[in-house]
Every structure is written in C-alpha cells, then in structure tokens.
Amino acid sequence: MCGIVGYVGPKSTVDVLIGGLRRLEYRGYDSAGVSVVANGHLETRKKAGKLGNLESEITNHPLPIAHIGIGHTRWATHGAPTDQNAHPHLGGPTSKLSLIHNGIIENFAELKAEAIAHGAKFASETDSEVAAHLIAIEYERNGDLIESFSTVVNRLHGAFTILVVHEDQPDVVLAARRNAPLVVGLGDGENFLGSDVAAFVEHTKRAISVGQDEIVILRTDGVELRHFDGTPATHEEFTVDWDASAASKGGWSSFMAKEIADQPQAVADTLMGRLDSDGLITLPELFEDFPVADMKSIDRIIIVACGTASYAGDVTKYAIEKWARVPVQVELSHEFRYRSPIVTPNTLVVAISQSGETMDTLMAIRYARELGAKVLAICNTQGATLARESNATIYTHAGPEVAVASTKALTAQITAGYLLALTLGSARGALTTAEAARLGKELLKLPAKVQDVLATAKQAEELGTKMAGAKSVLFLGRNVGYPIAMEGALKLKEIAYIHAEGFAAGELKHGPIALIEEGQPVIVIVPSPDDEDSLHPKVISNIQEIRARGAKVIAIAQEGDKTVADYAEHVLYVPQSDPIMAAVLDVIPLQGFALALATALGLDVDQPRNLAKSVTVE
Ligand code: AGP
C-alpha cells in the first residue's frame, strides 16, 4: 500500500516526484524517499516519517537538477519505519541501481540467501532490497538492464510494483506490476508512472492502466509495454476526469473537512447523466455488459467490500431487496474469499471500492470469476485494477479522496448502489415505471439535501468538540441506520482512537445493553415517523431502554419529527427523505462529529496512525 512515482522528462524531477508523493502520501506515510540520476550519477535521499521529513532532508542536502527519477512513500510491512528501511534501496557493489517497491515479495528469504551468496550486502530489513541486489547482480553478468530486470521480476512471488533506475542507463525508468497498482501518465516529451493517476494528474490527464504481469519501459519519447514473457502488451489510453485542484486542500483545515464538504458535488456527479429529469435511469455502462435478459436471470447478489465500502454495500442491500426484490448478501471480501461460498452463473457479485486496489476485494472478485460469477464494480478510481478485472463498472464520480477516513466516497458509493437497485428493479419488473420515476426524482433531490445537512453541520461539530473527553461512544440504528451506525463508529475509531461500536438497535437487549452505564454517550439514528413501515416507535423504545440505564442520547432525526426531542439530550435534524435514501443524509453529522472530536484532541485527521488509505496487501 505504498505510493510510487516515476518520471522522465524536462521538468525538475525532484519537484515532480515530491508533488506526486504529496498526492500519494495517503497510501502510506511511515517514510519517504527519492532517487534521481543526474550527470551520470545516482543520488538518493530518504527519511523515516512523513514526507515533510524528506523535504527537510532535501533542503539540507539538495539534489542536483535531474530529468529522471523515482519516489516512494511507505506503509511498513517488512522492517520498522526507519531511515534504513525507507525506499529507495540500492543494489550492487557500487550501488548504481535504485529500486522502489510496493507490495510483498513472498519468496524474499530464499532470494536473499542467493544474493548474499553472490556477495550482496544488505542495508535494510525489507523484503524489497533483495530485488535491487538481484537485478544488479544479473546486470553485471549480462550488461542488459531490461533483460536483467525482466529475469528477476519473473522470479518474484507475491505482490509488487517495482520501479528501477540505473546510473549507467540515465534515459530509462523500468517498472513491473503484479497484484499491485501501476498507471502510466503520457505527457508531451515526458512520461510518468504512479500508483494511481493522482501521482501525475497535475501534469497530464492521458493515462494507461498497466496490466497484470507487465513490464513498462519508460523514456521521454515513448512508453513500451511488455508481458513478463517478453511479448508486446497494448492497452487503450484513457482520459482522467479528475481535476488536479480537487486533490488539494483548497484552504480547508484538512482533506477530510474538504471531502465532507465535497459531498453535494460527489453525489450530484455520481447521478449526472444517469437520471433524466423524469427520474428515469440511463446507465449505459451497465446495460452494454448486462443486457436486461441477464439482469432478469440473476437469482442472488453477493456484495463484497471492506471497511466503509462494506457499509455502502449494506445500504445497497436494503435498496436492492426493497426495490428489485433480489436476495442480497454482503460479505467482507477477505471472509468471502477464504470460505466456500455458493456462487453460480446466476449470481451477480458486486464489488465496491473507492481505490479499486484493495487486495482483499481484488482476491474476492478473482475468486468469484473463477467460480463462474459475473462481477460488477462500483469504483471511484479510473484505471484501477478492480475496474479492469470486472465485467462492468459503475464509476462513482467523487473525485480524488485523499483523507484516509472515507467520507465522500461512501456517499457516492451509496448513491451508485441506489442507481443499481433502481436499474435492477425496473429491468426485472419489480418496480413499475411510475414507481421507478418517483424514486428517481427523489434521488435527484439528494445533492440539495446533502447541502442542507452540511449547512447545519455546526451543531454536530460543537457536540464532537464538547465530547473530546469521552472514553467510548456507542451508535445505534435500524434498517439502513444500522450500517450508518457502524460507519459512525468506524470514523471515530479511525481518526479519534476512541472505543466506539455500532449496533443494530434491536440487538441491544441481546447483550450490548450491559455496556450502558451512567453518562455513556449513545448516538441513535432515528428513522422518519411518517413512513408507513416506519421503525420510529421501535427506535424510540430502544432510546427509552438505554436512557433508563443512564445513557446520554444524541439523536439524528428527520426534520418534522415532533416526538424525538422528548427522548434525547440533543437532536441533530436532517431533511426528510425516502427512508432508504436517508442513509446518505444521516451519515454526514457522524462524519462532522468524528472530525471535530479528533481535531479537539489535536490529532492528524488525514493521516491517522497505523493506517493507509489503499490496503494493497491481504
Ligand atoms: C474508511 O474510512 C477506511 N479508511 C477503510 O475502511 C476503507 O473504506 C477500506 O479500506 C476499503 O477501501 P476501498 O474503498 O479503497 O476498497
């Protein structure tokens, strides 16, 4: 889950690399480093800690003007986050080769013994360094860098994106990809490599997604792709639709604050062009690959995802079951992959991922396809592996999400889930055209309602700030409020390091109510009282049960709810909406609450400890 960037071209390489690393720092921030080749010499700077430490190191020990180089930001797997273990790693007796790696080399122990037998001296505890030594050893033997690189990457097991520069070959960056992301950016007289398009989007929007087991030979005047067996590989170029400025803070105190505020746009952009003004859906990217006949033959849907994306999956399940009447199960990707799930050709597997690079989810879809299922991705990142390996993709258009804690990606994923549910409902005849149009029109109102919730976010923030001393916060909800409660708890754990748990409100009396003691803060998602199947009275009863035992209740309720205020210490109101669509509105005060609480504790909300945004190891 490290971030990698490579550059060859006329610009100042150090600036391009540091700029790219800044945009990729969300992938890992245990250490960072760069290597450049200038005037026939390889120069490397690397430092433990956040990118700022590397920048200070470069200020103190400046690098020469260079036109080729590689950069890395690390999330530690093998070896502690120290200067020595920071990438790049140098290879060969004269250290002329520099290598960066994202992933895990599983057979590194046996390869290390081999490299040591050839005289290699290891400077780090990483698995990555072995590849640097082996390529250098091979190059000394045959004098052909591309050949040596290819020979060694073919011998590595596990997951890797590897980039190499060598001072004897100052015009080329070599890269290889297996089970870890790599995208090429195509410029005019310059070319780029990155873990994702954020690495180079400020320089070019033309990109190619590198395939599995492929090698890239990157020069100023061209990019060549080969399979690991040496045969040529080709991929279509695509245009990145992210605006470079979307990946900068733009005056906000944190990326998370900005991304929470981006949500009306993220939801609107995810709906854009997919619903007409009558509320009817046009989702060509889906229909091309899943003709209506296929949608009719689906007898079960399995949604696979991790973390926040899995909560988007839970909400999508409620929507699909209600509107399309297809049974849905939601599975954590890593659990789905390593049991014996029942998958038939009539099973549709839906994978949800912001990054499209989460290894657990990739392994799950590969397995699902092996078992004969069709896979539909809901993904935010163009060129991502998930999109490439799925039968069809509904892109969420949330723009780049930089903060580790997911916010706008979630609301965009849920929005895409609603679009999918309505599409299936119409195609299968579970919804009449009039019902589908009514729901579609409700969906079109969501961006404005999200904007309204943000306008009242102050209250959630004030509560979060006041509660900075809390030791534990519980979250309760029913129906779509249940996954939203779990998401509220995840946000708090993730960025405020506070014990938090989300429960189905009805489950409380089966055990968790024992946790309630005098003063325990509990945030409860209260559904609308007006819906005909409303769970409102049941949730109010649950509130009474916990208040009787001393809980301090904060309710998230819909405007116009006249009774809830009698049962809660604080009520945060969100606009009225369809009960399933309320999920998108209810989650926003929880995000603001967690952000304010973590900020009051003085924590780095964008880069919480121990985490990385893209989890590209299993
Ligand atoms: C949420 O705030 C997380 N950082 C995390 O749970 C994330 O949603 C999960 O790792 C899945 O990531 P993905 O959407 O990129 O697959």
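Residues numbered from 1 in each chain as written. Predicted model: local features only at pLDDT ≥ 70, side-chain atom pairs only at ≥ 80, totals over all residues. Heavy atoms only, no water.

(A) Highlighting the pattern of salt bridges. Taken as a whole and assessed by the stated rule, the structure comprises 26 salt bridges. Put simply, Arg27 and Asp196 hold a salt bridge, and the shortest N to O gap is 3.8 Å. One end of the pair, Arg27, is in the loop between helix H1 (13–24) and strand E2 (31–38); the other, Asp196, is in the loop between strand E10 (191–194) and strand E11 (206–209), and 169 residues separate them in sequence. The pair Arg27 / Asp196 is uniform in exposure class, with both members buried. Ionic contacts of the salt-bridge type, sharing partners, join the residues Lys258, Asp262 and Lys408 into one network. (Salt bridge = Lys/Arg side-chain N within 4 Å of Asp/Glu carboxyl O. Helix = DSSP H or I, 4+ residues; strand = E, 2+ residues; numbered from the N terminus. Buried < 20%, exposed > 50% of the residue type's maximum accessible area, 1.4 Å probe, protein only.)

(B) Local environment of the site of the ligand. Neighbouring the ligand are 14 residues; Ser353, Gln354, Ser355, Thr358 and Glu494 lie closest to it. For the ligand, an oxygen atom lies 2.6 Å from a polar atom in the side chain of Ser353. Side-chain polar atom of Lys491 to an oxygen atom of the ligand: 3.0 Å apart, as the coordinates give it. Within the complex, 90% of the 410 Å² of free accessible area of the ligand lies under protein. Only helix H10 (307–323) and helix H18 (481–496) provide two or more residues apiece to the shell around the ligand. A class-by-class count of the residues in the shell around the ligand yields five nonpolar, seven polar and two charged. (Near = heavy atom within 4 Å. Polar contact = N/O pair within 3.5 Å; in protein donor to acceptor, adjacent residues only side chain to side chain. Areas by Shrake-Rupley, 256 points an atom, 1.4 Å probe, with all protein chains shown as cover. Nonpolar A, V, L, I, M, F, W, Y, C, P; charged D, E, K, R; others polar.)

(C) Structural view of the nonpolar core. Ranked by size, the top nonpolar core spans 116 residues in total, and within it Ile301, Trp323, Tyr418 and Leu492 carry the most contacts. Aside from chain neighbours lying at most four places away, what touches Trp323 is Tyr418, Ala421, Leu422, Gly425, Ala430, Leu431, Leu439, Asp578, Ile580 and Met581. Ala131, Ala132, Phe160 and Ile217 belong to the second largest nonpolar core, which has 28 residues in total. (Core = buried A, V, L, I, M, F, W, Y, C linked by side-chain atoms within 4.5 Å. Contact = heavy atoms within 4.5 Å.)

(D) Structural view of the sheet that holds strand E1 (residues 3–8). Taken in spatial order, the eight strands line up as E3-E2-E4-E1-E10-E9-E11-E14 in an open sheet, and their pairing is antiparallel. The open sheet has two free edges, formed respectively by strand E3 (41–48) and strand E14 (238–239), since each of these has just one partner strand. Alignment of E1 against E10, held across four bridges, turns out to be antiparallel. Bridge pairing links Gly6 to Leu193 in E10. H1 contacts E1, E2, strand E4 (68–74) and E10 of the sheet and is inclined by roughly 155° relative to E1. Helix H2 (residues 51–60) rests against E2 and E3 of the sheet, and its axis sits at about 135° to E3. (Pairing = 2+ DSSP bridges. Axes fitted to C-alpha atoms, helices over the stretch in contact; angles between N-to-C directions.)

(E) Local environment of the domain arrangement of the protein. Domain annotation of the protein identifies domain 1 (3–246), domain 2 (250–444) and domain 3 (454–604). Of note, the centres of domain 1 and domain 3, computed from C-alpha atoms alone, are 45 Å apart. (Domains from an automatic or database assignment.)

(F) Summary view of the sheet that holds strand E24 (residues 570–574). The strand order across the open sheet built from five strands is E21-E20-E22-E23-E24, with neighbouring strands paired in parallel fashion. One side of each edge strand has no neighbouring strand; the edge strands of this open sheet are strand E21 (499–504) and E24. Along the sheet, successive strands turn relative to each other by an average axial angle of 20°, direction set aside. With three bridges connecting them, strand E20 (residues 472–477) and strand E22 (residues 521–525) associate as parallel partners. From the neighbouring strand, Phe475 faces E22, where its bridge partner is Ile523.

(G) Seen up close, the pairing of E21. Bridge count for E20 against E21 is six bridges, and the pairing is parallel. Residue pairing for E21: Val473 is matched across the bridge by Ala500. Between the parallel elements E20 and E21, the chain passes through H18 in a crossover that is right-handed. (Right-handed = clockwise from strand over helix to strand, strands pointing away.)

(H) Representation of the pairing of strand E8 (residues 169–178). Of all the 10 residues making up E8, seven are buried; the element is thus mostly covered by neighbouring parts of the structure. Bridging between strand E7 (residues 158–166) and E8 involves six bridges; their strand directions are antiparallel. What sits directly across from Thr161, in E8, is Arg177. For E8 and strand E12 (residues 214–219), the ladder comprises five bridges, and the chain directions are antiparallel. Each bridged residue has a counterpart across the sheet, and for Ala176 the counterpart in E12 is Ile215.

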